[in-house]
Amino acid sequence: MTGFVHLHVHSHYTLLESTTTVGKLVKTVKELGMPAVALTDRGNLFGAFELAMAAKDAGIKPIVGCQVNVAPLGMREKTRDTHQLVLLAENEKGYHNLAKLVSRGWLEGFYFESRVDLEAIASLSQGLICLTGAGKDGFINRHLLAGANDEAARQLGLLSDVFGDRLYVEITDHGVDGPVSALTANLELARAQQIPLVATNWAHYLGREDHTVHDVQLAIQKVTTVSDTRRKRMPSKEYWLKSASEMAALFASVPEAIENTLVIAGRCADAPIPLGAYHLPKFQCPEGHTEKTWLRYLCEVGLKQRYHDPSEEAQQRLEFELETISRMGFDAYFLIVADFIGWAKKQDIPVGPGRGSAAGSIVAYSLGITDICPLRYGLLFERFLNPGRKSMPDIDVDFCKDGRGRVIEYVANKYGSTAVTQIMTLGTMKARMAIKDVARAFEWTPEEAQELANLVPEDPSGKHSLAVCLGKKPIDKEKNVFDAVEGMVKRYEADQRTHDVLDTALSLENLGRNLGVHACGIIIAPGPVSDYVPVCAVKGKPATQYNMNQVEKCGLLKMDFLGLKTMSILKKTSDIIVASGGTLIDYTLVPLNDAKTFEMLGRGDTLGVFQCESTGFQELIKLLKPDRFEDLIALVALYRPGPLMAGMHVQYCDRKHGREKVDYPHPVLEKSLKETYGLYIYQEQVMNISRELCGFSPAEADDLRKAMGKKDINVLKKLEEKFIEGAWKTQQFDRTKCKEMWEKILGFASY
């Protein structure tokens, strides 16, 4: 088979202009036997990280690229006239330059879409390979198709001055040449200036048969109908991911254009996106202190303030945590978080007492990041920061909704506005939206479209995809359970109009449609964020072009600044009391053992109480009649599908009130399970059991917790054997009984 690599490919990240997902692209390239593939979405690098990971897993070389929009009059001129160039990252330097260039296109040159200019390209050209573009808007084609051959030659000369031997004249053949042949003109120009040729197919979809769906997608983009003769459409049906033999046949007269795709792929690095390093901002410490010594000083002062006369347990815990944090290089992380939380409190902006695994850190407690004593509630540091697995800590912080913006502004001023950005999210076509979009393109009335869309069940989990609704795939793959919507299936089978709409919507479902930002995620970098990952703009504000998980894997510090309406209500309540002549409420001093409060909650009066407002929870709390704060903690943990289906909520109530005997599978477990009447309720309990009963190390115990949370069957199978054999070797615990206990723990962990 003739070798060939596609170097100009769009994915659904070129919003509403491609039906190709990155996963399917890589799969198709693998099936075609191609060694590499480039992703060159228009004006963005949204899919670059996804391509790098998917291609690596498939054994294919990923080539990170972008089809940039070049503003001929300069990117600061407000004009929609743009030419296209394709830039490919040859190496890590090229990747960083491409990320900076694309970021500048969004932050400095945006006008309807991101735009750059030749000056910006020239300043960031190192490590980049340039293709001259395809179609009527190609950088050279614009002039050639207008008969301006001299200007085309001059522009090609400019590119040659910038890129040297990294410049290639791009040729395509979609069978649609007009009076002037762009293919012939490019061949003549390239040979006259001795610039090498490269063939592409400017792929917008994967298979020949996808053209029709892609055409509907273009109609949706312009909010018009398929029959609209004035709308944007592709000039032919040839823009698919052709095989190497098909491309070779197409360019049989210029075989070097095919061979050069392999040459270019060979020039590109195997892994252009750098991973494995953390990029934390530096924290400005007082003179004479390093981040390590300043963190220790603040913690030692804070520990005495929290405990007055700290016990040996508290001091040893602090020492262990500080050593772990320092060894992993996260001293600055804790100083940064403590700083903006401290500032918020000084500005009278309410801050939550702490949520998630960060509450297990005595360092966080000593610094005032959290207000929950980890020793008092048996919370484990290893759940927050695993000493055996280096990964970025993750502290979510609750702020009063009204004051959240001020805290973000403080952080941006302290570390630099270009070093602090939001995180992009991709809005995709869900089932109902896909139906309505396609129906409009097919000239259905809004009422008809809405009626069909309403057949999709309202499902916050998002499991009812169109394929599930039509019975084409199960809603539960493991159990092979189907949940087809009978009314939709009948219409699909009986009515051709409905059949056409749903078939097209099936192909477009979950493809990119618009950009948004993460509700609370903020990135804080050591310098401009675009030095590390590409940046775009969403509603005029900077945001990373990679999603939340991807920016973390790139080593950047992600903080969750959550704005809670509940905290705003508490703040306003306190302000009203003071304004009415009452005493200022210090919520940190509110007792957790107030009998009247428990009496009120025991009646089911929980409206306005976070996570406790539903009818089901009200019935449960009336059954329990809590009389201690620990009961409320347990109820929130029990009110989940897994424990509820196992009847653990009723067991807890019965054991608390003596209606059921409390027992422990093994005496050594009493310490861990006594607080919850012998029931497995918290992840910390599972971690303690694995350590005390089975001999797990703290890191291994956290691995077990993560595997349960992610339902990683392969990891759980390996850990099950270690769990059962460890219990036998460490405590001579019967293997059969241990197996039963393991099954109960798995049941607790299910959601």
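Residues numbered from 1 in each chain as written. Predicted model: local features only at pLDDT ≥ 70, side-chain atom pairs only at ≥ 80, totals over all residues. Heavy atoms only, no water.

Enquirer: An account of helix α21 (residues 496-508) is requested, with residue identities and associated values reported.
Expert: Over its 13 residues, α21 runs 18 Å from end to end, which matches the ideal 18 Å to within 8%, given 1.5 Å per residue. Of the positions making up α21, those classed as buried are Thr-498, Val-501, Leu-502, Thr-504, Ala-505 and Leu-508. Down the axis, α21 shows its buried residues gathered within 165 degrees of arc, on one side only. Where the residues of α21 are buried, they touch α8 (211-221), α17 (431-441), α18 (446-453), α19 (466-469) and α20 (486-494). Looking at the residues trailing α21, positive phi occurs at Asn-510, about 75 degrees. (Helix = DSSP H or I, 4+ residues; strand = E, 2+ residues; numbered from the N terminus. Expected span 1.5 Å × (residues − 1). Buried < 20%, exposed > 50% of the residue type's maximum accessible area, 1.4 Å probe, protein only. Arc of directions from axis to C-beta. Contact = heavy atoms within 4.5 Å.)

Enquirer: Any details on the pattern of salt bridges? Residues and values, ideally.
Expert: If you walk through the whole model with that rule in mind, you get 54 salt bridges. Across the salt bridge formed by Arg-42 and Glu-17, the nearest N and O atoms sit 2.6 Å from each other. In this pair, Arg-42 sits in the loop between β1 (36-39) and α2 (48-58) while Glu-17 sits in the segment before α1 (22-31), placing the two residues 25 residues apart along the sequence. Using a relative accessible area of 5% as the deciding quantity, one classes Glu-17 as buried. (Salt bridge = Lys/Arg side-chain N within 4 Å of Asp/Glu carboxyl O.)

Enquirer: Outline the sheet that holds strand β2 (residues 61-70), listing residues and values.
Expert: Read from one edge to the other, the open sheet built from six strands follows the order β1-β2-β3-β4-β5-β6, with strand pairing classed as mixed. Both outer strands of the open sheet, β1 and β6 (197-199), are each paired with one neighbouring strand and no more. Within the sheet, the average angular offset between the axes of one strand and its neighbour, ignoring direction, is 35 degrees. By the bridge criterion, three bridges tie strand β5 (residues 167-171) to β6 in an arrangement that is parallel. (Pairing = 2+ DSSP bridges. Axes fitted to C-alpha atoms, helices over the stretch in contact; angles between N-to-C directions.)

Enquirer: Could you give an account of the sheet that holds strand β11 (residues 541-544), naming the residues involved and the relevant values?
Expert: The mixed open sheet is built from six strands, whose spatial order is β7-β12-β9-β8-β11-β10. Two strands bound the open sheet, and with one partner strand each, they are β7 (396-400) and β10 (535-538). Recorded for the sheet is a direction-independent mean angle of 55 degrees between the axes of neighbouring strands. One ladder, built from two bridges, connects strand β8 (residues 420-428) with β11; its direction is parallel. The residue bridging Gln-422 from the neighbouring strand is Ala-543, located in β11. Strand contacts of helix α16 (residues 404-415): β7, β8, β9 (512-524) and β12 (557-564), with the helix running at about 155 degrees to β12, the strand carrying the most contacts.

Enquirer: Go over the packing of helix α11 (residues 291-307) against helix α12 (residues 312-328) with me, naming the residues and quoting the values.
Expert: Between α11 and α12, whose axes approach to 11 Å, the crossing angle comes to 155 degrees. As far as their axial angle goes, α12 and α11 are roughly antiparallel. Our pair here, α11 against α12, has a crossing hand that is right-handed. Facing Lys-292, Leu-295, Arg-296, Cys-299, Glu-300, Leu-303 and Tyr-307 of α11, the residues of α12 in contact are Ala-314, Gln-315, Leu-318, Glu-319, Leu-322, Ile-325 and Ser-326. Residue composition of the contact of α11 with α12, grouped by class: eight nonpolar, two polar and four charged. (Parallel < 35°, antiparallel > 145°, perpendicular 65-115°, else oblique. Left-handed = near helix turned anticlockwise from the far one by under 90°. Nonpolar A, V, L, I, M, F, W, Y, C, P; charged D, E, K, R; others polar.)

Enquirer: Give me the pairing of β8: which residues, what numbers.
Expert: Across eight bridges, the pairing between β8 and β9 is antiparallel. Across the sheet, Gln-422 pairs through a bridge with Ile-522, a residue of β9.

Enquirer: Outline the environment of Glu-660, supporting the account with residue identities and numerical values.
Expert: Here Glu-660 lies in the loop between α28 (648-656) and α29 (670-673). By relative accessible area, which is 26% here, Glu-660 ends up partly exposed. Separated by 30 residues in sequence, Glu-660 and Ser-690 have C-alpha atoms that sit 26 Å apart. If we skip the residues at most four places from it in the chain, Glu-660 touches Gln-651, Asp-654 and Arg-655. Of note is the side chain of Glu-660, whose polar atom sits 3.2 Å from the side chain of Gln-651. (Polar contact = N/O pair within 3.5 Å; in protein donor to acceptor, adjacent residues only side chain to side chain.)

Enquirer: Break down the nonpolar core for me, citing the residues and quoting the values.
Expert: Ranked by internal contacts, the top residues of the largest apolar core, which has 81 residues, are Ile-171, Ile-273 and Tyr-546. Beyond its immediate stretch of four places on either side in the chain, Tyr-546 contacts Leu-45, Phe-46, Ala-48, Phe-49, Tyr-95, Ile-273, Ile-423, Met-424, Val-533, Pro-534, Val-551 and Cys-554. Counting 52 residues, the second largest nonpolar core, distinct from the first, contains Cys-285, Phe-340, Ala-358 and Tyr-410. (Core = buried A, V, L, I, M, F, W, Y, C linked by side-chain atoms within 4.5 Å.)

Enquirer: I'd like a rundown of a nonpolar patch on the surface, residues and numbers included.
Expert: Taken together, the side chains of Leu-570, Tyr-587 and Val-590 present a nonpolar region at the surface, about 240 Å² in accessible area. Assignment of secondary structure puts Val-590 in the loop between α23 (565-579) and α24 (595-602). (Patch = residues over 30% accessible without salt bridge, like charges linked within 9 Å, V, L, I, M, F, W, Y side chains within 5 Å. Areas by Shrake-Rupley, 256 points an atom, 1.4 Å probe, with all protein chains shown as cover.)

Enquirer: Explain the packing of helix α13 (residues 331-346) against α16 to me, and be specific about the residues and the numbers.
Expert: Two elements in contact, α13 and α16, have axes whose closest approach is 10 Å; the angle formed by their N-to-C orientations is 130 degrees. Considering their axes alone, α13 and α16 lie oblique with respect to each other. Between α13 and α16 lies a crossing whose hand is right-handed. The segment α13 lies against α16, with Ile-336, Asp-339, Phe-340, Trp-343 and Ala-344 engaging Arg-406, Val-407, Tyr-410, Val-411, Lys-414 and Tyr-415.

Enquirer: How would you explain the packing of aromatic side chains if you had to name every residue and give the values?
Expert: Under the defined criterion, the tally for this structure stands at 22 aromatic pairs. Aromatic pair Tyr-333 and Phe-334: ring centres 5.6 Å apart, planes at 70 degrees, arrangement edge-to-face. Since its relative accessible area comes to 0%, Tyr-333 is described here as buried. A relative accessible area of 0% means that Phe-334 is categorised as buried. (Phe/Tyr/Trp six-rings, centres within 6.5 Å; stacked < 30°, edge-to-face > 60°.)

Enquirer: Hey, could you go over the side chain of Ser-125 for me, with residue numbers and the actual values?
Expert: Along the chain, the position of Ser-125 falls in the loop between α4 (118-123) and β4 (128-131). Overall, the relative accessible area of 9% leaves Ser-125 in the buried class. Excluding residues within four positions of it along the chain, Ser-125 makes contact with Val-162, Phe-163 and Arg-166.

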